[in-house]
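# Architecture at a glance
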Amino acid sequence: MTDPFLIAAILAVLAAAGLLIRWFVSTANLGREAHVEYAGRLEDRAHTVEGVSEAEFVRLYVNGYAPRWTVYAAAALIAAILVTPPAVFGLLAFWAWITDLVDASDVFAPGYYPWMFFMFFGLVGAWAFCGFLAARFHHQRAPEGFNPALMRARGEPLDDVVLKRARPKWARRARAIADGAPKEEEN
């Protein structure tokens, strides 16, 4: 059991299992918390849950606050484990092909520093790609925030909401310069 890849794979599987357990526990706790929150809103602020069933409120609450990142991090770890063997064989085949193509000297043989450098960064790149895909899916599939989702569930249109925000002073000057107007003198 001195194989570093096997030790790393076991640790990654244990970390992924821990992350998934954390997600299950957090989601269950959020469900209980959502029931308490709904009951409290019915007593104190009934207008905030008007027209929204308890089941719908719980679903919105859990979707809005669940730690989704744990699922995607666990998926990235499992993907990194699964991609390692094909990446190693692919990198070895590519190294053999490229060294034969350029008729490289013995310094580029497997076991020497150029090969180690290539294999290290090749594997790190493959693992980083797994993390990139997990992060991309995490951000692409992000649910709507709890408050806007609750507003939609109550039937309030969110498409007509306009955020009033003062334009920063530097942006007004930048627009004037871009349009060709003379720059205002500062005091």
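Every chain is numbered on its own, with residues counted from 1 as its sequence reads. Local features are withheld for residues below a pLDDT of 70 in this predicted model, meaning they are given only at 70 or higher, and side-chain atom pairs are given and counted only at 80 or more; totals for whole chains, interfaces and linings count all residues. The side-chain numbers reported here are obtained from all heavy atoms of the structure, hydrogens and water having been left aside.

### A look at the overall build of the protein chain
Working definition: helices are DSSP H or I runs of at least four residues, strands are E runs of at least two. Numbering for both runs from the N terminus. Scanning the protein chain from terminus to terminus reveals six helices and zero strands. Atoms counted for the radius of gyration: C-alpha only. Globule rule: 2.2 Å times residue count to the power 0.38. Relative to the compact-globule value of 16 Å for 187 residues, the protein chain shows a C-alpha radius of gyration of 27 Å, a clear excess of over 25%. Taken along the three principal axes of its C-alpha coordinates, the protein chain extends 75 × 60 × 30 Å. Throughout, exposure labels follow a simple rule: accessible area from a 1.4 Å probe, protein chains only, divided by the maximum for the residue type, with under 20% read as buried, over 50% as exposed, and the rest as partly exposed. Across the 187 residues in the protein chain, those meeting the buried criterion constitute 24%.

### Let's talk about a nonpolar patch on the surface
On the surface, Phe5, Phe117, Phe120, Phe121, Val124 and Trp127 cluster together to form a nonpolar patch covering roughly 620 Å² of accessible area. Here the element with the most residues in the nonpolar patch is helix α4 (residues 113–140); it accounts for five residues. Relative to the elements of secondary structure, Val124 occurs in helix α4. Any residue with relative accessible area above 30% and no salt bridge may belong to a patch, with like charges joined within 9 Å and the nonpolar Val, Leu, Ile, Met, Phe, Trp and Tyr side chains within 5 Å. Per-residue accessibility takes into account occlusion by the displayed protein chains alone, with areas from the Shrake-Rupley method and a 1.4 Å probe. In what follows, salt bridge is the name for a side-chain nitrogen of Lys or Arg lying within 4 Å of a carboxyl oxygen of Asp or Glu.

### A look at the nonpolar core
The set of buried Ala, Val, Leu, Ile, Met, Phe, Trp, Tyr and Cys residues whose side-chain atoms join them within 4.5 Å is what this entry labels a nonpolar core. Counting residues in hydrophobic clusters, the biggest one holds 14 residues, and the most contacted among them are Leu30, Phe57, Leu60, Tyr61, Val62, Phe146 and Leu150. Going through the elements one at a time, α1 (4–44), α2 (54–65) and α5 (146–154) are the ones with two or more residues in this core. Of all the elements, α2 adds the most residues to this core, at five residues. Whether two residues touch is decided by their heavy atoms; if any such pair falls within 4.5 Å, the residues are in contact. Sequence-distant contacts of Tyr61, that is, excluding residues within four places in its chain, are made with Leu30, Glu33, Ala34, Glu37 and Phe146. Counting nine residues, the second-largest nonpolar core is a separate cluster that includes Val88, Leu91, Phe118 and Ala126.

### Here we look at α2
Multiplying one less than the number of residues by 1.5 Å gives the expected span of a helix. Taking 1.5 Å of rise per residue, 12 residues should cover 16 Å, and α2 covers 16 Å from first to last C-alpha, within 8% of that figure. Taken as a whole, α2 has its buried residues at Phe57, Val58, Leu60, Tyr61 and Val62. In this structure, the buried side of α2 is in contact with α1 and α5.

### Concerning the layout of surface pockets
Two kinds of site are reported from a 1 Å grid over the protein atoms alone, namely cavities, where a 1.4 Å probe fits but cannot get out, and pockets, open sets with protein on both sides within 12 Å along at least five of seven lines, and residues are called lining when an atom falls within 4 Å of a point. Grid points are joined across faces, edges and corners, and a volume is the space filled by probe spheres set on the points. By volume, the largest pocket is sized at about 210 Å³. Considering the residues around the largest pocket, the lining is formed by Phe5, Ala8, Ala9, Ala12, Leu77, Ala80, Ile81, Thr84, Pro85, Val88 and Trp127. For the lining of the largest pocket, the secondary-structure elements that each account for two or more residues are α1 and α3 (69–101).

### Some remarks on α3
Two axes define the bend at a residue: one fitted to the seven residues ending there, one fitted to the seven starting there, and the bend is the angle between them. Its axis deflected by about 40° at Thr84, α3 carries its strongest bend there, up to four residues before the proline Pro85. Looking at α3, one finds that the buried residues are Thr70, Tyr72, Ala74, Ala76, Ala80, Thr84, Ala87, Val88, Leu91, Trp95 and Thr99. Where α3 is buried, its residues meet α1 and α4. Where α3 terminates, the next one or two residues include Asp103, which has phi positive at roughly 55°.

Just distances and angles here, no functional claims.
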